[in-house]
2 protein chains.
Amino acid sequence: MQKGLLLVISGPSGCGKGTVLKEVMKKQNLYYSISMTTRQPREGEVDGVHYHFVSKEQFETLIAQNGVLEHAEYCGNYYGTPREAVETMRNEGKDVILEIEVVGAAQVRENCPDAVSIFIAPPSIAELKRRLYGRGTESEETIQERIAQVDRELPCAVQYDYLVINDEVESAAEEILQIIAAERIRHRNKEEKVKEVLES
Amino acid sequence: MQKGLLLVISGPSGCGKGTVLKEVMKKQNLYYSISMTTRQPREGEVDGVHYHFVSKEQFETLIAQNGVLEHAEYCGNYYGTPREAVETMRNEGKDVILEIEVVGAAQVRENCPDAVSIFIAPPSIAELKRRLYGRGTESEETIQERIAQVDRELPCAVQYDYLVINDEVESAAEEILQIIAAERIRHRNKEEKVKEVLES
């Protein structure tokens, strides 16, 4: 059986990444990797759904055992991707999606050279502003922070295998589906296929 | 404008490569590169359609000027791919297809690191035999030579970016179309796109 793909998806908030991925996952069965954190669950957060909540000791033991694909520390808490669930799913032939930020993505590319990385960007800063103000739910400060984040993160897009511009949700999702289809062909076990053809 | 792709397609004769490519080109506008040769035109062959027919001196001058992407000598004649037409088309944003054999493909991968290579293989030796005998037009000797060619060339498939098994023409063509779609996204000029987003 062919090993599942490891899809690393990044994109600044406000770029519509969540909506695009929801659209992709309607049409394509993907395993969405749940992050692990040492911070306390917030009201309504469920262990294993929103995050895997673990102790600092458990997290550090996993790091020491090379059990996390990427991790970072924010405000004294660890956040990261546990390796085991990802490997298990991939070995069962399921494609895994990691929705992570640019620093974590760089770590995954380092640790997993066969990862396929996709950066989702808004079509323009003007459009990003229009979307953020249009929602009417975010404070001026949050909006300014999100725009600053795009300025900081967008240059990292050149490190990714693919850059998808979310101009329109349907077509951005379609592009990601095309990437997945082609990468499945690229990641075929060629040696094995060649052997199969020659021996049959 | 985005530079066109350079698609290098190989596959042993009898694998159905021609039929698959015809199907692909029905749905996708591709520039099919015409090879250049120093051999004499055969009855009915048209210069610029079947081959570009050139003199030995012209061919050798082009080689010396780095004007061929790949070339080989068979029976005292040169065969190769002229660089200029390929570059012109790509610079106009058109995807170019080179249908060449495994040795030439290796040269193109060396000369053009951004080439996308696809190997088309028959699903099995048994099926290849069935197809070749089914045609009823080929001599036993030709059929044996074709089978030997598959044995020799198929192991080279592992050097290609993609291996497509031509089990069924429609689905093999569909896979190539998916590869083209994804590679167009991969080959986007990311630096330029990032700049566009940030400045807009």
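Above this note sits the structure.
Residues numbered from 1 in each chain as written. Chains lettered and ligands numbered in written order. Predicted model: local features only at pLDDT ≥ 70, side-chain atom pairs only at ≥ 80, totals over all residues. Heavy atoms only, no water.

Caption draft 1: Looking closely at the relation of the copies chain A and chain B. Under the fitted operation, chain A is carried onto chain B by 0.0 Å of movement along the axis and a turn of 180°, and the coordinates agree to an RMSD of 0.0 Å. The superposition of one copy onto the other is thereby described by a two-fold rotation axis. Interface residue correspondence from chain A to chain B reaches 100%, placing this contact among same-surface, isologous pairings. (Least-squares fit on C-alpha atoms with pLDDT ≥ 70 in both. Contact = heavy atoms within 4.5 Å.)

Caption draft 2: Local environment of the layout of surface pockets. Quantified by volume, the largest pocket comes out at close to 930 Å³. Put simply, the parts of the chain that give the lining of the largest pocket at least two residues each are helix 1 (17–27), strand 5 (68–74), strand 6 (77–82), strand 7 (96–99) and helix 6 (140–153) of chain B. Its residues placed into classes, the lining of the largest pocket shows 11 nonpolar, 11 polar and seven charged. In this structure, the second largest pocket occupies an estimated 740 Å³ of space. If you trace the second largest pocket, you find 26 residues lining it, with Tyr-51, Tyr-74, Glu-99, Ile-100 and Glu-101 of chain A closest to the centre. (1 Å grid on protein atoms, 1.4 Å probe; cavity = no way out; pocket = protein on both sides within 12 Å on 5 of 7 lines; lining within 4 Å. Points joined across faces, edges and corners; volume = space filled by probe spheres on them. Helix = DSSP H or I, 4+ residues; strand = E, 2+ residues; numbered from the N terminus. Nonpolar A, V, L, I, M, F, W, Y, C, P; charged D, E, K, R; others polar.)

Caption draft 3: Representation of the pattern of salt bridges. Summed over the entire model, instances satisfying the criterion amount to 32 salt bridges over all chains. Across the pair Arg-186 of chain B and Glu-183 of chain B runs a salt bridge whose closest N-O atoms are separated by 3.7 Å. On the criterion of helical spacing, the pair formed by Arg-186 of chain B and Glu-183 of chain B is a turn pair, its members being three residues apart in helix 7 (residues 169–186). Given the relative accessible area of 1%, Glu-183 of chain B is considered buried. One connected set of salt bridges, linked through shared partners, spans Glu-23, Lys-26, Lys-27 and Glu-170 of chain A. (Salt bridge = Lys/Arg side-chain N within 4 Å of Asp/Glu carboxyl O. Buried < 20%, exposed > 50% of the residue type's maximum accessible area, 1.4 Å probe, protein only.)

Caption draft 4: Quick peek at the interface of chain A and chain B. Opposite the 33 residues of chain A that make contact, chain B presents 33 residues. Taking both sides of the interface into account, the surface hidden between chain A and chain B amounts to around 3000 Å²; carbon and sulfur atoms contribute 69%. On the chain A side of the contact with chain B, Arg-186, Lys-190 and Val-197 of chain A bury the most area, a combined 20% of that side's loss. The tally of links from chain A across to chain B stands at four salt bridges. Where chain A touches chain B, the interface holds 18 residue pairs in polar contact (both at pLDDT 80 or more). Contributing elements (two or more residues each) for the side of chain A that touches chain B: helix 5 (125–135), helix 6 (140–153), strand 9 (162–165), helix 7 (169–186) and helix 8 (190–198) of chain A. The element contributing the most residues to the side of chain A that touches chain B is helix 7 of chain A, with eight residues. Of the residues belonging to the side of chain A that touches chain B, the class tally is 21 nonpolar, three polar and nine charged. (Buried area = accessible area lost by both parts, 1.4 Å probe. Polar contact = N/O pair within 3.5 Å; in protein donor to acceptor, adjacent residues only side chain to side chain.)

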